[in-house]
Amino acid sequence: MSASKEKYTEAQYLEVDQYQPKTRTGRIANYVDTRVGGTGMIREFGRKVFPDHWTFMFGEVALYSFIITVLSGAFLTFWFDPSMATTRYSGSYAPLQGLEMSMAYATALELSFDVRGGLFMRQLHHWGALLFILAMSVHMLRVFFTGAFRKPRELNWVVGCALLILGLGAGFTGYSLPDEVLSGNGLRIIDGMLKAIPVVGTYISFFLFGGEFPGNEVIPRLYTLHIFILPALILILIAVHLFMVVTHKHTQYPGPGRTERNVVGYPVGPVYAAKAGGFFFIVMGILCLIAGTFQINALWNYGPYDPSPVQAGAQPDWYIGPFEGVLRLMPGYIGDFSLEWVIPTPWGGNSLALPVLIPMIPVALIFLGLFIWPWIEAWITGDKKEHHLLDRPRNAPTRTAFGVAVMTNYLIMWGMGSNDLIATHFGLSLNDITYWSRVLFFLGPVIAYILTKRICLALQRKDREVALHGHEAGVIEVSPEGGFSEKHKLPSEYELWSLVSYEAAAPSGPRPNAKGKVTAMEKFRSRLNRMWFEDRVEPVSREEYLEALEHHGHGEHTEGLEAAQSRGEIGPGTGH
Amino acid sequence: MKALSQKRRHPFAFVALLLLGLLLTGGLYAAATTVNQAQASNVPDGYSADQVDEGERLFVANCATCHGMNAEGTDAGPSLVGVGAASVEFQVGTGRMPMQMQGPQAQQKPPQFNDEQTTQLAAYVASLGAGPAVPDDEWLDVDQGDPARGGELFRINCAMCHNAAGAGGALTEGKYAPSLHGVEAVHIYTAMTTGPQNMPVFNDANIPPEDKRDIIAFLKTYEQQGSPGGFSLGYLGPVSEGLLIWTLGLALLIGSMVWLTSRSS
């Protein structure tokens, strides 16, 4: 397909040299092409076909909101001074005039009140960051629940996970920069978590803050991370991510004519180039609308950082919420038993702050699990095939149920991060919310797993029902004999395809290894495999379908039979 | 003078001295008791006897069920002896008392008594024993206050419960610190001096009246400035911001996505 690999004759080279374009645009294009050779790239990339579905656009939103955040962030750097040197505020915000504060806070206030358009750009930057991580998260959920992370896309899933972590880092470092009480509280929590690490924690904290918290170093250090290292890493990984998307080709939902070997959709040039370009401006428009109408991070409220006060309603941005919530969830005492443990040592004992360390375990597990999930699932299912057709979430009931269970766990931690506001706004007792959340932290995922799995299976059965007998039309007929029956409307061919074209693998027993031995690990795997595939609903087979039609075939359903006969050639489940 | 010194050994000198001493002590005692009486009498400073009487009548009709016929307190409500006129001004003036229902704390509602009646009740409660008084207008005049200093005091003393923007916050067991937006200056002041519900008392030794005025000046300045960046989202900080991006933001995005891809399917 690539013309650049072919050999050219001398005459052909000369022909290229002598080519004279007729139009002005042609001359410019030719000038550029003879120097940088863009034709090959555009021909290759411009013909790339992408399938069209609204759920495929969250990744794009993440990319666009990242670009918008970088652009607005660049604007902010022209005024912001990340220095912890003290100054006396003399800007135009009256309630803070004359107060001593760091240069970082003073310049953040200057940006908000004394720079034309500064407040808008600050708000755009902050809303953009919230949307960036939101879009990444929703994109990841889409990829997870449709099984798009499966072979050959496992590594790209890992790149995506790394992007999410980097996004969290970029967000948190940005949140900490203005050096008011709220961001200082956030850093104090980080300081506390670092110091909870046994033995080395204090050293790490002192290294990070350049001495005892808060010190004079941390804001400039976070600034370097925030405007240079983290965005650079994100940019590199975005490039890798997109490169892999092009290499792998895009996944698609099952449908007529869509197979594991093709991609049905529109080419980049001109359709997606225009759509994506337009969509960038839609995302920008939405963000500008929100940034212009809704106030975000009103940092003038919080006052210059002072390690003593913690204000009511002190929360991190939404994506750090679960980290905050799990700390609020964790009891320091169980009954009279203190969870803080002092390790007896010759120099008087080292305190082990378990109430800070234990909550990090579930969060760490979720993130670790994210990274290695593609391999865990492939190991359990024993599926080594390539997948380019996506699963409808209901057709992978166990994965969907597991995903919802983890989401539930996350949501409970997330909700606990705002337990005080839930208490005031719903007239509940803060203590009760905390106690119930502790129970639900363990019980919620189990309930969610069972419910989701049952709902998935029920939906699959419903699909079977619709494929075999059609939709209930809501029309009741009385036969001349006096019998009542409801009319059914058979699904269209397109709908039928999506109802029947999936695989429902059966559990596979333990397999012996090369030495012919079934290891304990293999037994464990096969138990998980049984759990994974045990409850399943088979897709409607062709025989079942024809039999059902035969059954309906008397009287008014002849049209359906005709459709089925014509479908005999394409036949559901054989369309490769 | 000579006559006096000559007569000091007079037989009646002792009697005269004794008489003088008795007169002095008696006079002083009488004076002292009248002063005392004036304070403990049923008419406190700044109120009239009529107001006290009227207040007592209102009290017996509306408050005595819980606070007792003589405001001595019952199981349902605390004693009001010594809580002062400021407590009445706050609790009755903001509608918290008479209480709508028992609960974690008294809820604010439209005041049940007008200013005149509130003053009468305050006069009666003040007559029961010394307590914080309703502040003079001087301490409520925000023009004399320093909002920047008040803001600093607010963040150190109040924001941990009431939120940095005065939007309120949660306490334990269903109790809460209410929002301070739109609260009258006199109620902010009396809340500080009396410590209603779960609030600590900030007396004049802790926060002098000038500082209280600064805090009120800060709150009023803050109220007037509005929210410079657009809709405030309840001044609740990152939680309501996160909620907005996950609801409105996501809805707008999905809407545009569905629109963009609607043609092909």
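Residues numbered from 1 in each chain as written. Chains lettered and ligands numbered in written order. Predicted model: local features only at pLDDT ≥ 70, side-chain atom pairs only at ≥ 80, totals over all residues. Heavy atoms only, no water.

What follows concerns the overall build of chain A. Secondary structure assignment for chain A yields 21 helices and ten strands. Counting only residues that meet the buried cut, chain A has 46% of its 576 residues in that class. Accessible surface, chain A as shown: approximately 29,800 Å² in total, 66% of it carbon and sulfur. Each charge class in chain A can be summarised by its mean position, and for the 47 positive and 51 negative side chains these summaries are 6 Å apart. (Helix = DSSP H or I, 4+ residues; strand = E, 2+ residues; numbered from the N terminus. Buried < 20%, exposed > 50% of the residue type's maximum accessible area, 1.4 Å probe, protein only. Areas by Shrake-Rupley, 256 points an atom, 1.4 Å probe, with all protein chains shown as cover. Lys, Arg positive; Asp, Glu negative; His and termini not counted. Charge placed at Lys NZ, Arg CZ, Asp CG, Glu CD.)

A count of helical and extended segments in chain B gives eleven helices and two strands. Overall, chain B shows an N-to-C arrangement of helices and strands of α-α-α-α-α-α-α-α-β-β-α-α-α. What you see for chain B is a C-alpha radius of gyration of 29 Å, clearly larger than the 18 Å of a compact globule of 265 residues, by over 25%. Expressed as lengths along the three principal axes of its C-alpha atoms, the size of chain B is roughly 130 × 45 × 30 Å. (Rg over C-alpha atoms; globule rule 2.2 N^0.38 Å.)

Moving on, we get to unusual backbone geometry. The amide bond that connects Lys151 of chain A to the next residue, Pro152 of chain A, takes the cis arrangement and shows omega of 10°. Mapping Pro152 of chain A onto the fold places it in the loop between α6 (118-145) and α7 (154-176). Here the residue pair Gly269 of chain A and Pro270 of chain A is connected by a cis peptide bond, since its omega of 0° sits within 30 degrees of zero. Along the chain, Pro270 of chain A turns up in helix α11 (residues 268-293). Of note, Gln197 of chain B is a non-glycine position whose phi angle comes to about 50°, a positive value. Along the chain, Gln197 of chain B falls in the loop between α9 (185-194) and α10 (209-225).

This brings us to the nonpolar core. Judged by nonpolar contacts, the single largest core of 138 residues is most densely connected at Leu96, Trp127, Phe279 and Val283 of chain A. Of the residues forming this core, the biggest block, 16 residues, is contributed by α6 of chain A. Those residues within four positions of Phe279 of chain A in sequence are excluded, and the remaining contacts are Met57, Glu60, Val61 and Tyr64 of chain A together with Leu253, Ser256, Met257 and Leu260 of chain B. (Core = buried A, V, L, I, M, F, W, Y, C linked by side-chain atoms within 4.5 Å. Contact = heavy atoms within 4.5 Å.)

A full pass over the atoms with the stated rule returns 35 aromatic pairs over all chains. Connected via pairs of aromatic rings, a cluster forms that spans Phe144, Phe145, Phe149, Trp157, Trp373, Phe402 and Trp532 of chain A. Its guanidinium or amino end placed over the ring of Tyr31 of chain A, Arg35 of chain A lies 3.7 Å from that ring's centre, counting from NZ or CZ. A cation sits over an aromatic face here: Lys212 of chain B above Tyr189 of chain B, 5.4 Å from the ring centre. (Phe/Tyr/Trp six-rings, centres within 6.5 Å; stacked < 30°, edge-to-face > 60°. Lys NZ or Arg CZ within 6 Å of the ring centre and 35° of its normal.)

The subject of this paragraph is the pairing of strand β10 (residues 484-489) of chain A. Residue and element names in this part refer to chain A. Bridge count for strand β9 (residues 471-478) against β10 is five bridges, and the pairing is antiparallel. From the neighbouring strand, Glu477 faces β10, where its bridge partner is Ser485. If you look at the hairpin formed by β9 and β10, you'll find five residues sitting between the two strands, and Gly482 has a positive phi there, around 105°. (Pairing = 2+ DSSP bridges.)

Before going further, it helps to examine the packing of α7 of chain A against helix α10 (residues 218-248) of chain A. Residue and element names in this part refer to chain A. Following both chains from N to C, one finds α7 and α10 inclined at 160°, their axes separated by 9 Å at the closest point. Judged by the angle between their axes, α7 and α10 are roughly antiparallel. Viewed along their axes, α7 and α10 form a crossing whose handedness is left-handed. (Axes fitted to C-alpha atoms, helices over the stretch in contact; angles between N-to-C directions. Parallel < 35°, antiparallel > 145°, perpendicular 65-115°, else oblique. Left-handed = near helix turned anticlockwise from the far one by under 90°.)

Glancing now at the domain arrangement of chain A. The domain architecture assigned to chain A consists of domain 1 (3-47) and domain 2 (58-252 + 278-345). A straight line from the C-alpha centre of domain 1 of chain A to that of domain 2 of chain A covers 46 Å. (Domains from an automatic or database assignment.)

Residue and element names in this part refer to chain B. In this structure's numbering, the residues bearing the UniProt feature "binding site: heme c 1" (unreviewed entry) are Cys63, Cys66 and His67. Aside from chain neighbours lying at most four places away, what touches Cys63 is Leu58, Gly68 and Leu121. Assignment of secondary structure puts His67 in helix α4 (residues 64-67). Ignoring anything within four residues of it in the chain, the contact list for His67 reads Phe59, Glu72, Gly73, Thr74, Gly77, Pro78, Leu80 and Met97. (UniProt positions renumbered as here; feature names shortened; annotations may be inferred.)

Moving on, we come to helix α8 (residues 181-196) of chain A. In a regular helix each residue adds 1.5 Å, so 16 residues correspond to 22 Å; α8 of chain A covers 22 Å between its end C-alpha atoms and thus fits that length. Listed as buried for α8 of chain A are Val181, Leu182, Ser183, Gly184, Asn185, Gly186, Leu187, Asp191, Met193, Leu194 and Ala196 of chain A. (Expected span 1.5 Å × (residues − 1).)

On average, chain B scores 88 in pLDDT, and the residues at 70 or more come to 94%. Element-level pLDDT for chain B is lowest in helix α1 (residues 2-6) of chain B, with a mean of 70, against a maximum mean of 95 in helix α11 (residues 238-261) of chain B. (pLDDT = per-residue confidence, 0-100.)

Below, the discussion takes up the packing of α8 of chain A against helix α9 (residues 201-209) of chain A. The interhelical angle for the contact between α8 of chain A and α9 of chain A, taken along N-to-C directions, is 145°, at an axis separation of 7 Å. Across from Leu187, Asp191, Leu194 and Lys195 of chain A in α8 of chain A, the residues of α9 of chain A making contact are Gly201, Thr202, Ile204, Ser205, Phe206, Leu208 and Phe209 of chain A.

Accessible area lost during the coming together of the parts is what is often quoted as the interface size. All names here are of chain B. Each assigned domain of chain B is listed with its residue range as follows: domain 1 (49-128) and domain 2 (137-226). Each side of the interface is counted separately: domain 1 has 13 residues, and domain 2 has 14 residues. With both chains or domains summed, domain 1 and domain 2 bury close to 1,100 Å², and 55% of this area falls on carbon and sulfur atoms. Between the two partners, domain 1 and domain 2, sit zero salt bridges. Scanning the region where domain 1 abuts domain 2 turns up five residue pairs in polar contact (both at pLDDT 80 or more). Its residues assigned to classes, the side of domain 1 that touches domain 2 shows five nonpolar, six polar and two charged. (Buried area = accessible area lost by both parts, 1.4 Å probe. Salt bridge = Lys/Arg side-chain N within 4 Å of Asp/Glu carboxyl O. Polar contact = N/O pair within 3.5 Å; in protein donor to acceptor, adjacent residues only side chain to side chain. Nonpolar A, V, L, I, M, F, W, Y, C, P; charged D, E, K, R; others polar.)

This paragraph deals with the UniProt feature "domain: Cytochrome b/b6 N-terminal region profile" (unreviewed entry) in chain A. The UniProt entry lists residues 28-254 of chain A under the feature "domain: Cytochrome b/b6 N-terminal region profile" (unreviewed entry), expressed in the numbering used here. The span residues 28-254 of chain A is 69% helix and 4% strand, and its two end C-alpha atoms sit 43 Å from each other.

Residues and elements named next belong to chain A. Along the chain, the position of His387 falls in the loop between α14 (360-381) and α15 (397-416). Through-space distance from the C-alpha of His387 to that of Ile42 is 27 Å; in sequence the pair is 345 residues apart. Residue contacts for His387: discarding those within four places in its chain leaves Arg150, Lys151, Pro152, Arg153 and Glu260.

Attention now goes to the interface of chain A and chain B. Residue-level contacts link 61 residues of chain A with 51 residues of chain B. At the boundary of chain A with chain B, total buried surface from both sides reaches about 4,700 Å², with 72% on carbon and sulfur atoms. Run the count over chain A and chain B and you get zero salt bridges. Residues of the side of chain A that touches chain B, tallied by class, amount to 40 nonpolar, 17 polar and four charged.

Residue and element names in this part refer to chain A. Across four bridges, the pairing between strand β7 (residues 340-343) and strand β8 (residues 350-353) is antiparallel. Looking across to β8, one finds that Trp341 is bridged to Leu352. Here β7 hands over to β8 after six residues, with Gly348 in that stretch at a positive phi of 115°.

Here we come to the side chain of Asn301 of chain A. The residue Asn301 of chain A is located in the loop between α11 and α12 (321-329) in this model. One polar contact links Asn301 of chain A to Tyr222 of chain B, side chain to side chain, over a distance of 2.6 Å. Every residue in contact with Asn301 of chain A, bar those within four places of it in the chain, is listed here: Arg155, Ala164, Ala165 and Tyr222 of chain B.

Okay, the side chain of His241 of chain A next. All names here are of chain A. Counting through the fold element by element, His241 comes out in helix α10. With a relative accessible area of 16%, His241 lands in the buried category. If we ignore the near neighbours within four places in the chain, the residues touching His241 are His139, Asn156, Val159, Gly160 and Leu163.

In total, this model carries 24 salt bridges over all chains according to the counting rule given. Of the charged contacts, one joins Asp204 of chain B and Lys212 of chain B as a salt bridge, the two residues approaching to 2.7 Å between their closest N and O atoms. Via salt bridges that share partners, Arg150, Glu377, Asp391 and Arg399 of chain A belong to a single interconnected network.

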